[in-house]
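One-letter residues, chain by chain:
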Amino acid sequence: MAMAFFALSLILYLSLDMEGGSPSFGSAAPATEGVEITYGSTIKLMHENTKFRLHSHEVPYGSGSGQQSVTGFPQVDDANSYWIVKPEPDTSAKSGDPIPSGTIIRLQHMKTRRWLHSHLHASPISGNLEVSCYGGDTQSDTGDYWRLIIEGSGKTWKQDQRVRLQHVDTTGYLHSHNKKYQRIAGGQQEVCGVREKQADNIWLAAEGVYLPVNDSAAGKSSSM
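Residues numbered from 1 in each chain as written. Predicted model: local features only at pLDDT ≥ 70, side-chain atom pairs only at ≥ 80, totals over all residues. Heavy atoms only, no water.

Visitor: So what about the overall build of the protein? Which residues, and what values?
Guide: Within the protein one finds 2 helices and 12 strands. Shown N-terminal to C-terminal, the secondary structure of the protein runs as helices and strands in the order α-β-β-β-β-β-β-β-β-β-β-β-β-α. Here the protein, with 224 residues, has 51% of them falling under the buried criterion. Taking as baseline every contact in the protein between residues at least 6 positions apart, the subset at least 24 positions apart corresponds to 68%. Total accessible area on the protein is roughly 10400 Å²; 52% of this is exposed by carbon and sulfur atoms. (Helix = DSSP H or I, 4+ residues; strand = E, 2+ residues; numbered from the N terminus. Buried < 20%, exposed > 50% of the residue type's maximum accessible area, 1.4 Å probe, protein only. Contact = heavy atoms within 4.5 Å. Areas by Shrake-Rupley, 256 points an atom, 1.4 Å probe, with all protein chains shown as cover.)

Written out as structure tokens, the structure is:
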């Protein structure tokens, strides 16, 4: 068990390649309640109502954009459900910075390096906005931008907070429901975008490697 955890920690450590800081093995542990989510953290996002994890793999949609599909996955123990939290390009944000509500972020799929993306194509099951994975390390556009909206009084994103992710270009909220694909193994469910706030567009950060708040950000926060 300890060796398996060490191997996972090493994989995640090597995937955190943002400039401006390096993770330590001391931070490579499952998050506990109230842990700050910072840029460079590698996390799983859990859909609150169904408990499925946001998931992707190298299987394209058979309709719509034909881009890499994004689904909800029922198993907690799956390496295709990790996402690296990154800022918009050309900002001063760096690894270890906390993320205030209202900030535009990007989520990069750890294994395929593509970005969580949306556009006006129809999703396969419900006909809502399709959510896909697109681009790569050197290819990203505004279709990869999501605005973090914290529910409640929290000011920066923490592991125990309920959040919505609103797509900047389409205004659709990242959404899932219990409608499942019949031809995909494992009982995976549709992930899509909807333009109305609903109970089914609430997510929580779950398993992952959470980088500690960097020293400069911590000092800035304490002086406010």
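Visitor: An account of the nonpolar core is needed here, citing residue identities and associated values.
Guide: Of all hydrophobic cores here, the largest spans 27 residues; its most connected members are Leu 54, Val 85, Leu 116, Trp 157 and Leu 174. The leading source of residues in this core is strand S8 (residues 146–150), at 3 residues. With sequence-adjacent residues up to four places away left out, Trp 157 is seen in contact with Val 35, Glu 36, Ile 37, Ile 43, Leu 45, Val 85, Ile 99, Ile 105, Leu 148, Ile 150 and Val 163. (Core = buried A, V, L, I, M, F, W, Y, C linked by side-chain atoms within 4.5 Å.)

Visitor: Requested: an account of the pairing of strand S6 (residues 115–122), with residues and values cited.
Guide: Bridge count between S6 and strand S7 (residues 129–134): 5 bridges; the pairing is antiparallel. Counterpart to Ser 118 in the pairing with S7 is Val 131. A loop of 6 residues connects S6 with S7, the two strands running antiparallel in sequence, and Gly 127 in this loop sits at a positive phi of about 75°. (Pairing = 2+ DSSP bridges.)

Visitor: Residue-level account of the packing of aromatic side chains, with values.
Guide: A ring pair, where both rings are aromatic, is described by two values, the distance of the centres and the angle of the planes. All told, the structure shown has 0 aromatic pairs when counted by the stated rule. Sitting above the plane of the Tyr 82 ring, Lys 44 keeps its charged end 4.7 Å from the centroid. (Phe/Tyr/Trp six-rings, centres within 6.5 Å; stacked < 30°, edge-to-face > 60°. Lys NZ or Arg CZ within 6 Å of the ring centre and 35° of its normal.)

Visitor: Describe unusual backbone geometry, with residues and values.
Guide: Here Lys 51, not a glycine, exhibits a phi torsion of approximately 70°, which is positive. Take Lys 51: it is sitting in the loop between strand S1 (42–47) and strand S2 (53–60). Lys 51 gets classed as partly exposed once you look at its relative accessible area, which sits at 44%. We note that Arg 113 has phi near 70°; this positive angle belongs to a residue other than glycine. Counting through the fold element by element, Arg 113 comes out in the loop between strand S5 (104–109) and S6.

Visitor: Tell me about the side chain of Ser 41, and name the residues and values.
Guide: If you trace the backbone, Ser 41 turns up in the loop between helix H1 (2–15) and S1. Here Ser 41 falls in the buried class, since its relative accessible area comes to 0%. In terms of polar contacts, Ser 41 uses its side chain to reach the backbone carbonyl oxygen of Thr 38, at 3.0 Å. (Polar contact = N/O pair within 3.5 Å; in protein donor to acceptor, adjacent residues only side chain to side chain.)

Visitor: Account for the pattern of salt bridges, with residues named and values stated.
Guide: Within this structure, the stated rule accounts for 5 salt bridges. The partner of Glu 207 in a salt bridge is Arg 53, with the nearest N and O atoms 2.6 Å apart. Placement of Glu 207 in strand S12 (residues 203–209) and of Arg 53 in strand S2 is noted, with a sequence separation of 154 residues between them. By relative accessible area, Arg 53 is classed as buried at 6%. (Salt bridge = Lys/Arg side-chain N within 4 Å of Asp/Glu carboxyl O.)

Visitor: Tell me about the confidence of the model for the protein, residues and numbers included.
Guide: Of the residues in the protein, 81% reach a pLDDT of 70 or more, and the chain-wide mean stands at 85. pLDDT under 50 marks residues 1–31. Its contacts with residues more than four places away, or in other chains, come to 51 contacts. (pLDDT = per-residue confidence, 0-100.)

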